[in-house]
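So you can see what is in the structure, the chains are spelled out below.
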Amino acid sequence: MNELSVEIRLERPGDEAAIREVTSLAFESSEFGHNGEAGLVERLRAESAVSISLVAECANRIVGHILFSPATIERSSWRCEGLGLAPLSVLPEFQRQGIGSRLVTAGLEAATDRSNEFVIVLGNPDYYSRFGFTPASDSNVGCEFEGIPDEAFLIQWLGQTEPRNERGLAKYHPVFSSLG
């Protein structure tokens, strides 16, 4: 079996339509059946709230995409800045070939290089724990959205240990709150 030749690179002007297609098709076929993620990407772009946007390209075709947007953790005595990972998309016919993993790894490297303090994600703990994510509740950090199971709201601290004595609330960019 030939190994797939995939390049991970920053999103460029002109990639928007291909990213929309990848995101729409990836979530259309997902177990969640939710297709608002393509609109989320466009709304974050419109609000200038894209911190990191990477694509996976195979034979000059965009087959995967990952986006990070600003996020905060607020506690009564302080606030820290980081990123929210959402969405991660891979075309259905390219899934389960390591493309998503490569996008996550490259995205976390970029987030670290840009001196972000953390990355949060709502997702499958079995998948994201492979990259060093742990339940945010272990760091005494809650999610701004109600009804999210503790095990599905994850965090990765980038380069510093987080004190756990004071409860914190993680907040995504306001665009996420307007999704309905």
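Conventions adopted
Residues numbered from 1 in each chain as written. Predicted model: local features only at pLDDT ≥ 70, side-chain atom pairs only at ≥ 80, totals over all residues. Heavy atoms only, no water. Helix = DSSP H or I, 4+ residues; strand = E, 2+ residues; numbered from the N terminus. Buried < 20%, exposed > 50% of the residue type's maximum accessible area, 1.4 Å probe, protein only. Polar contact = N/O pair within 3.5 Å; in protein donor to acceptor, adjacent residues only side chain to side chain. Phe/Tyr/Trp six-rings, centres within 6.5 Å; stacked < 30°, edge-to-face > 60°. Arc of directions from axis to C-beta. Contact = heavy atoms within 4.5 Å. Expected span 1.5 Å × (residues − 1).

S.K.: What should I look at first to understand the environment of S101 in this one?
M.R.: The residue S101 is located in helix α3 (residues 99-113) in this model. The class of S101 is partly exposed, set by a relative accessible area of 22%. In this structure the C-alpha to C-alpha distance between S101 and Y127, which are 26 residues apart in sequence, comes to 9.0 Å. Here R130 takes part through its side chain, which lies 3.5 Å from a polar atom of the side chain of S101.

S.K.: Explain the packing of aromatic side chains here, please?
M.R.: The description of an aromatic ring pair uses the distance of the two centres, along with the angle that the planes make with each other. Throughout the structure, instances matching the rule amount to seven aromatic pairs. On the basis of an interplanar angle of 55 degrees and a centroid distance of 6.5 Å, the ring pair of Y128 and F131 is categorised as tilted. Each member of the pair Y128 and F131 is classed as buried. The rings of Y127, Y128, F131 and F133 are connected pair by pair, giving a single aromatic cluster.

S.K.: Help me out: how do you make sense of helix α2 (residues 37-46) in this one?
M.R.: Given 3.6 residues to a turn, an α-helix orients residues that are three or four positions apart in the same direction. For α2, the complete set of buried residues consists of E37, A38, L40, V41 and L44. Angular distribution of buried residues about the axis of α2 spans 160 degrees; they occupy a single face of the element. Against the buried residues of α2 lie α1 (16-28), β3 (61-74), β4 (79-90) and α5 (174-177). Within two residues after α2, S48 carries a phi angle of roughly 55 degrees, on the positive side.

S.K.: Would you mind showing me how to read α3 here?
M.R.: Look at α3: 21 Å from first C-alpha to last across 15 residues, which is about the 21 Å you get at 1.5 Å a residue. The set of residues buried in α3 consists of I99, G100, L103, V104, G107, L108, A110 and A111. For α3, the angular spread of the buried residues around the axis is 165 degrees, confining them to a single face. Downstream of α3 by a residue or two, S115 has a phi angle that is positive, lying close to 60 degrees.

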